[in-house]
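If you want the building blocks of each chain, they are given just below.
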Amino acid sequence: MQFKNPEILYFLFLLVIPILVHLFQLRRFKKEYFTNVRFLKELSIQTRKSSKIKKWLLLATRLLLLTCIIIAFAQPFFKAKDSKNSSNEMYIVLDNSFSMQAKGQKGELLKRAVQELLENTPENENFSLITNSETFWNTDIKSIRTELQNLKYSALPFQLESAMAKIKSRKSAFNKDVVVITDAVGLEPKQLKSIDKDFNTYFIIPKSERENNVSIDSVFIHQTLDDFYEIGLKLSAFGENDKEIPVALYNQNKLIAKTLTKLEAKEKTIFFTIPKNDFHGYASIIDNGLEYDNTLFFSISKPEKNNVISIGQPEKANFLSRIYTNDEFNFNNFAIGSLDYNSIDKQDAIVLNEVDEIPQALQTTLKSFVEKGGNLVLIPSAKASIGNLNMFLRNFANIQFKSLDNKEKLVTKINFSHPLFSGVFENKIDNFQYPKTKSSFGIVGSNPAALYYEDQTSFLTSINNPISSVYIFAAPINLENSNFQQSPLIVPTFYKMALNNQNTGVNAITIGNNNSFLVDVNLSKDAILDVKNETETFIPIQQILNDKVKLTFNDFPDQAGNYGIYNQKELLQNISFNYNRTESDLAQANENVLSEYKIIDSISTVFDTLQTDRTDNQIWKWFIIFALLLLVTEMAIIRFVK
């Protein structure tokens, strides 16, 4: 037991006064004589004994009464068991990612967590609130009540290390209490390393009742017909989904197709045939899981012909003219001596086809061409010097050629996950008719190959960036050196290499992926493009590249949907944005990694626990109560004890 005012205890010396009063009686007794004292003598003895007991009872009661009063003024208390953290700062980390749309016993997880915060946070409690998308420093529940009630789901996934970095940035002399409210979807052990060991950290893990969910992951053009597109929608199923799912297709908010499908496997692709016109709409499903991944916005613009040129000897470009046909491409071949450098910027792809020597001026022009979004294909010449080739490649990445090896090699492996072959093969093929080369250069670099030789070296590799790619062959592919031109691989390979990364027919950008987007428009230096729809407008980061503008969206827009790119009031192009599907699998909830941390059931438990553990147990009130009881006891002794 400790005292807030220990100096008051010196008044305990006053206990001597009642003792002296009772020991030294100041009254003198006078003798009275009676004629017959035989009967009075016995009564006198009894009276003296009773009076003596009464005096001792009064003495004890008054001593205890005075002691209780003095101790009460000294304010005794028992120190709290966690008193060292009583001055801690409070931080609440609230996960508002889309996985918190899942429904628990009392409704959506996020809405229920917000309601508990509003109901159970003390009004005089100062704290900081950190969500995926917003931060409120040093506030109280009354000040942010409206913001909490209007809190929206965030397209940003929950990143514990990001929240912890914000908390650590708040330098203070006090320690910190951190309450993390998350469903633990995607929570990994490495994220927990960001938690400071000195923090007093609690986790609240709201749980969904069901893990079933269906999402629309992507859309693509499966087949282009004369008057129609056949588009494919890729669906993913999580948990058990044995019911038929309605799937609908809307163009300009008008229903154009609808069907029912049942997902027998974890993934399924369904197909729709739509008119070969501009499309600016969305596909939607209805399921009992999360809502955010039930809609996929996308746009389809009428495809324009891709401009492709080949630089090299005309006789070596015959196979390219058979691939880049007039119905889809504007293809031309130029010898290096007759090349018009001014036409390079107007191309979508350039094939550098076995050029013996790449001039410095052409190297500089092609570097600028790639930076502005053009694709480049390098087919080396057996007569080319290693120094010239490597000087050219240094413009793009740390990748180099080794000397020519006159050894026959067989191409035996396709990297099906390489972007070049994305969507080309429905199934992985083992018994493919692979090509071979008689001589080849070694390639040194860390870039993943699209095609491998039998010795696991690269036959075709690439340097990829958000708006363009550079494809590099390890060997000449003319008929004298290789049979690659007769291989079934040559058509899909060169066809995909000529397509611009965003010129695939379907426009559906994922928010937060930071991929750049090119718009064909001539702008003055002071002009800017904006992106908008009926509810939201924003200005992306933009860079003027001659007759194009490169847009970078970062984490914009806030809401998925169909948008338009505008130059003032002129609509240049339709564009669509979607949320990342990383939150769709509710089975990713990983509560097991929190075994070393305090897991509690509600926010009210946190505040009750902190209140109990950090509040001193004040017991002076009990001494006041004892003093009152002793006062009543003294009065009873005086009145009833004779």
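This structure is a prediction, so every number in the text was calculated from the model and none was measured.

Participant: I'm lost on the side chain of Thr182 in this one. Help?
Facilitator: Turning to its location among the elements, Thr182 is positioned in the loop between strand 8 (176-181) and helix 6 (189-192). Those residues in contact with Thr182 that sit more than four places away from it in its chain are Asp95, Met100, Phe158, Ile204, Ile205 and Pro206.

Participant: Is there a simple way to think about the sheet that holds strand 6 (residues 127-131) in this case?
Facilitator: Strands in a sheet are paired, the pairing made by backbone hydrogen bonds, and the direction either parallel or antiparallel. Taken in spatial order, the six strands of this open sheet run 7-6-3-8-9-37, and their pairing is mixed. Of all strands in the sheet, those with a lone pairing partner are strand 7 (135-139) and strand 37 (598-600), marking the two edges. On average, each strand axis in the sheet is tilted by 20° relative to the strand beside it, whichever way the strands run. In this sheet, strand 37 lies alongside strand 9 (residues 200-204) in parallel orientation, the contact comprising three bridges. Residue Ile204 lies in a different strand from strand 37, and its bridge partner there is Ile600. Where helix 3 (residues 109-120) meets the sheet, it contacts strand 3 (89-94) and strand 8, and its direction lies at approximately 160° from that of strand 3. With respect to the sheet, helix 5 (residues 160-168) is in contact with strand 3, strand 6, strand 7, strand 8 and strand 9, its orientation differing from that of strand 8 by roughly 155°.

Participant: What am I meant to see in the environment of Lys268 here?
Facilitator: For Lys268, the location among the structural elements is in strand 14 (residues 267-275). Among the polar contacts made by the side chain of Lys268, one reaches the main-chain carbonyl oxygen of Lys262 at a distance of 3.0 Å.

Participant: Quick question: what am I supposed to make of a nonpolar patch on the surface here?
Facilitator: Together, Trp620, Ile624, Leu628, Leu631 and Met635 make up a nonpolar patch on the protein surface, roughly 450 Å² of accessible area in all. Of note, Ile624 is situated in helix 12 (residues 620-640).

Participant: Whenever I open this one, helix 8 (residues 360-371) confuses me. Can you help?
Facilitator: Along an α-helix, a turn takes 3.6 residues, which lines up residues three or four apart on a common side. Across its twelve residues, helix 8 extends 17 Å between first and last C-alpha, which sits within 8% of the 16 Å expected from 1.5 Å per residue. Looking at helix 8, one finds that the buried residues are Leu362, Gln363, Thr365, Leu366, Phe369 and Val370. Considered in projection along helix 8, the buried side chains sweep an arc of 170° and stay on one side of the axis. In this structure, the buried side of helix 8 is in contact with strand 17 (306-311), strand 19 (349-353), strand 20 (375-379), helix 9 (386-393) and strand 27 (469-473). In the segment just after helix 8, Gly373 is the residue with positive phi, at about 110°.

Participant: Where do I start with the sheet that holds strand 16 (residues 295-300) in this structure?
Facilitator: Pairing is antiparallel across the open sheet formed by five strands, whose spatial order is 13-12-15-16-28. Edge positions in the open sheet fall to strand 13 (254-261) and strand 28 (506-507), since each of these has one partner strand only. Note that strand 12 (residues 245-251) and strand 13 share seven bridges and pair antiparallel. When the bridges of strand 13 are listed, Ile245 appears paired with Thr261.

Participant: What is the right way to look at the pattern of salt bridges in this model?
Facilitator: Going through the model one piece at a time under the given rule, you end up with eight salt bridges. Two residues, Arg112 and Glu116, come together in a salt bridge whose shortest N-O distance is 3.8 Å. Taken together, the residues Arg112 and Glu116, both in helix 3 and four residues apart, mark about one turn of the helix. On the basis of relative accessibility, which here comes to 26%, the residue Arg112 falls in the partly exposed class.

Participant: Help me understand the packing of aromatic side chains in this model?
Facilitator: Aromatic ring pairs are defined here through the distance separating the ring centres and the angle between the ring planes. A full pass over the atoms with the stated rule returns 27 aromatic pairs. A centroid spacing of 4.4 Å and a plane angle of 10° characterise the contact between Phe98 and Tyr292, whose relative ring orientation is stacked. Taken together, the residues span a long stretch of sequence, with Phe98 in the loop between strand 3 and strand 4 (103-104) and Tyr292 in the loop between strand 15 (279-285) and strand 16 at a distance of 194 residues. Given the relative accessible area of 5%, Phe98 is considered buried. A relative accessible area of 6% places Tyr292 in the buried class.

Reading the values: the criteria
Residues numbered from 1 in each chain as written. Predicted model: local features only at pLDDT ≥ 70, side-chain atom pairs only at ≥ 80, totals over all residues. Heavy atoms only, no water. Helix = DSSP H or I, 4+ residues; strand = E, 2+ residues; numbered from the N terminus. Contact = heavy atoms within 4.5 Å. Pairing = 2+ DSSP bridges. Axes fitted to C-alpha atoms, helices over the stretch in contact; angles between N-to-C directions. Polar contact = N/O pair within 3.5 Å; in protein donor to acceptor, adjacent residues only side chain to side chain. Patch = residues over 30% accessible without salt bridge, like charges linked within 9 Å, V, L, I, M, F, W, Y side chains within 5 Å. Areas by Shrake-Rupley, 256 points an atom, 1.4 Å probe, with all protein chains shown as cover. Salt bridge = Lys/Arg side-chain N within 4 Å of Asp/Glu carboxyl O. Expected span 1.5 Å × (residues − 1). Buried < 20%, exposed > 50% of the residue type's maximum accessible area, 1.4 Å probe, protein only. Arc of directions from axis to C-beta. Phe/Tyr/Trp six-rings, centres within 6.5 Å; stacked < 30°, edge-to-face > 60°.

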